[in-house]
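Inside the fold
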Amino acid sequence: MDKGKLKRISSCIWEIPQEGTMRVPGYIFANNDLLTEMDDKVMQQLTNVASLPGIVKGAMAMPDAHWGYGFPIGGVAAFDPDQGGVISVGGVGYDISCGVRCHRLGLKRQRLLPKLDELMDELFRSIPAGVGSTGKIKLSASKLDDVLRNGALWAIDKGYGTKDELEYIEERGRIKDADPSKVSKLAKDRQKKQIGTLGSGNHYLEVQYVEKIYDKECASAFGLEEDDVVVSIHCGSRALGHQIGTDYLQILGAAAKKYAIPIRERELVCAPIKSPEGSDYMKAVACGINCALANRQVLGHLARLAVQRVIPSAEFELIYDVSHNTCKVEKHEVGGKMRKLFVHRKGATRAFGPGHRELPKKYKHVGQPIFIGGTMGTCSYILAGTESGEELAWGSACHGAGRSMSRRAALKRWKGKGVINALRKQGIILKAASLRGAAEEAPDAYKDVRKVVEVTHEAGLAKKVALLKPLAVIKG
Amino acid sequence: MGQKEMANLKSGWETFDHIADIGIRGIGTTLEEAFENGARALFSLMVEDLSLVRPVHKKEVNCSSYDLTGLFVAWINSLIALADIEQMLFSSFSVTIDDHTLSGLAQGERWTRAIHQLGIEVKGATFTEAKVEFQDGVWIAQCVVDV
């Protein structure tokens, strides 16, 4: 990125000064290295976001930011409905409420290793993954509406998990104000067979162990010690979320014209929060969020059953489930006053600090768990939200490593079987529904997640709690 | 005709780079042919060998938009939705375009893991790098798809 236009605020914060159509400045959380690697489109897209009506304080980019759809991936922005604030399709993303959940198994790596091959066979049989995979759950239109209204609560009512898990899911597993009548029939038809499926792309189920603890107090609250085994699941709202995005791109496109909001990029279409179109989209997004929460809950339970078939004594306790593609109504302090804001996080994880009322009782003193997926060959992280993160970026943190190489380039460089064999040599089992997918997701096609997490920690957006190393992965 | 380099290409399809996802491009001597080839580029992502997808079943696709770029994105999105709902892969396409309205046929068969080595799931078409244009005597229709 060309740093010429940027003003350095601190070692990890850069400002895009307010100029032209911008209503607020832009802020990029990065050190010199990450900023140099970051594409110029991030600055351009942040400038566009900073020009939207009703934006408060600034348009922000997390350390893993890259070129996205309307918003940069890693983009965060809050809008005030009382000041003409808008809701934007680009700020939520296509895979609404894509996120990560992580479970602790209550056993050490050494105890798992002799059973790992058997476990992965069982998990691969149990978790539908890849193109055209369908789950065992087939829903009628009215039953799907129940999913969209009730989220993870629906899944638990159907026997996929237990009620005590709800406390450890964002929004207690169900966001209010979801209105299935605001979701198209096409979106619902696409989703009827997809509840409880992993999908493909960068989605995964990963068996990991804790290699290092950075913060003993937080790790203890999250129930983790070194060498503990965890299972993480990265997935979203599947076809339903994408179809909601596609449908509302048209609807908000027309609305932007109607309300005379200049649109600088086709996927940055938006409508005033207080307009009928904006209100409808928010209700549809809530359906997408509930769909994703239900989907991850079902997947988590299927994984639990598979794990306990192989290792009957294993626990499978949910540490937390949190999304990184959402728009949420939240209260934040601005200039000494609490204001109700619509916070968009596109490829950015909600990261509330200690004391926040949304947090489960067990985590109230340490902050919210945040899961940062790296690559299947390197590492992932557990972080915790901080008070400074709430001040800096509405309680938001990074969400992953971000690609350094396109999928086509990865496909030219690696073969799926080669990636599987190379990981095997490192002691990591990869079960892939598609060899093409395995090649595209090769670890070296991603940036170094460690740099992203170091900057997130140093900037104060969140703090490091634990380093996770992969043992085995399922990819769609 | 399948994937070819852009140079001297009059008809065919290819994919192109995007940092996180992937671009699809159809090229043809007519607008319709570019749309049909764009669809082949799409399904080349979902299955390793498109030639193994037999045109056994025929499905109608109708869509419209307010410009040609929007129409191409709508066409690709319609095919993705159809593939999802019908659990099918498509390999043969024919479209007619009247102003900004498309009527088309897609032919293919149900996904069968024994026959089709599956590629990657495509969730939807986007407006990123999307364009439909007549350039150097050929039509090009393209967009980035979210995978």
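Relevant structure appears above.
Fair warning: this is a prediction, and the values are worked out from it, not measured in the lab. (Residues numbered from 1 in each chain as written. Chains lettered and ligands numbered in written order. Predicted model: local features only at pLDDT ≥ 70, side-chain atom pairs only at ≥ 80, totals over all residues.)

We now examine the overall build of chain A. Each helix and strand in chain A was counted, giving 16 helices and 19 strands. Computed over C-alpha atoms, the radius of gyration of chain A comes to 21 Å, within 12% of the 23 Å expected from 2.2 N^0.38 for 476 residues, which places it in the range of a compact globule. In terms of principal-axis extent, the alpha carbons of chain A reach across some 60 × 50 × 50 Å. Put simply, chain A has 476 residues, and 64% of those count as buried. Within chain A, residue pairs in contact and separated by at least 24 positions form 77% of the contacts whose partners lie at least 6 positions apart. (Helix = DSSP H or I, 4+ residues; strand = E, 2+ residues; numbered from the N terminus. Rg over C-alpha atoms; globule rule 2.2 N^0.38 Å. Buried ≥ 20, exposed ≤ 12 C-beta atoms within 10 Å, placed from the backbone. Contact = placed C-beta atoms within 7 Å.)

Below, the discussion takes up the overall build of chain B. A count of helical and extended segments in chain B gives 2 helices and 8 strands. Order of helices (α) and strands (β) in chain B, N terminus to C terminus: β-β-α-β-α-β-β-β-β-β. A globule of 147 residues ought to have a C-alpha radius of gyration of about 15 Å, and chain B, at 14 Å, matches this closely. Seen through its C-alpha atoms, chain B measures out along the principal axes to roughly 40 × 30 × 25 Å. Within chain B, contacts between residues separated by at least 24 positions form 59% of all contacts whose residues are at least 6 apart in sequence.

A:F29, A:L252 and B:F72 are the most contacted members of the largest nonpolar core, which totals 228 residues. Residue contacts for A:F29: discarding those within four places in its chain leaves A:C12, A:I13, A:A61, A:M62, A:P63, A:V455, A:A459 and A:L461. (Core = buried A, V, L, I, M, F, W, Y, C linked by C-beta atoms within 7 Å.)

All names here are of chain A. Both strand 5 (residues 73–79) and strand 13 (residues 337–346) contribute to a ladder of 5 bridges, which runs antiparallel. Considered in strand 13, the bridge of V76 is made with R345. Of the pairings in the sheet, the one linking strand 12 (residues 325–334) to strand 13 comprises 10 bridges and is antiparallel in character. Each residue of the ladder has a partner; that of K331, found in strand 13, is K340. The hairpin turn running from strand 12 into strand 13, its antiparallel successor, is 2 residues long, and G335 in that turn takes a positive phi close to 55 degrees. (Pairing = 2+ DSSP bridges.)

Bringing unusual backbone geometry into the picture now. Residues and elements named next belong to chain A. In the Ramachandran plot, D227 falls in the positive-phi region, its phi being about 75 degrees despite a non-glycine side chain. With respect to the helices and strands, the residue D227 is situated in the loop between helix 9 (216–221) and strand 9 (228–235). For D227, a count of 14 C-beta atoms within 10 Å corresponds to the partly exposed category.

What follows is about the environment of A:G300. Assignment of secondary structure puts A:G300 in helix 11 (residues 276–310). The contacts of A:G300, once residues within four sequence positions are left out, are A:R101, A:H103, A:G161, A:I233 and A:L318.

In this structure, A:K192 sits in the loop between helix 8 (185–191) and strand 8 (204–213). Among residues more than four places away in sequence, those in contact with A:K192 are A:K138, A:L139 and A:L144.

This next bit is on the sheet that holds strand 5 (residues 101–110) of chain B. All names here are of chain B. With respect to topology, 3 strands assemble into an open sheet ordered 3-5-4, the strand pairing being antiparallel. Strand pairing shows two members of the sheet lacking a second neighbour, strand 3 (57–64) and strand 4 (88–98), which therefore form its edges. Adjacent strand axes in the sheet meet at a mean angle of 20 degrees, parallel and antiparallel pairs treated alike. Most of the contacts of helix 1 (residues 31–46) go to strand 4, to which it runs at about 160 degrees, and overall it touches strand 4 and strand 5. Contacts from helix 2 (residues 68–86) reach strand 3, strand 4 and strand 5, with the element oriented near 140 degrees to strand 3. (Axes fitted to C-alpha atoms, helices over the stretch in contact; angles between N-to-C directions.)

Listed as interface residues are 25 residues of chain B and, on the opposing side, 33 residues of chain A. Tallying contributions element by element places helix 2 of chain B first for the side of chain B that touches chain A, with 4 residues. Of the residues contributing to the side of chain B that touches chain A, the split by class is 11 nonpolar, 8 polar and 6 charged. (Nonpolar A, V, L, I, M, F, W, Y, C, P; charged D, E, K, R; others polar.)

Residues and elements named next belong to chain A. Across the interface, helix 5 (residues 116–126) lies against helix 11 with an axial gap of 9 Å and an inter-helix angle of 145 degrees. Helix 5 and helix 11 meet at a crossing whose hand is right-handed. Of the residues in helix 11, those in contact with E118, L119, E122, L123 and S126 of helix 5 are L302, A303, L305, A306, V307, R309 and V310. Here the residues of the contact of helix 5 with helix 11 sort into 8 nonpolar, 1 polar and 3 charged. (Left-handed = near helix turned anticlockwise from the far one by under 90°.)

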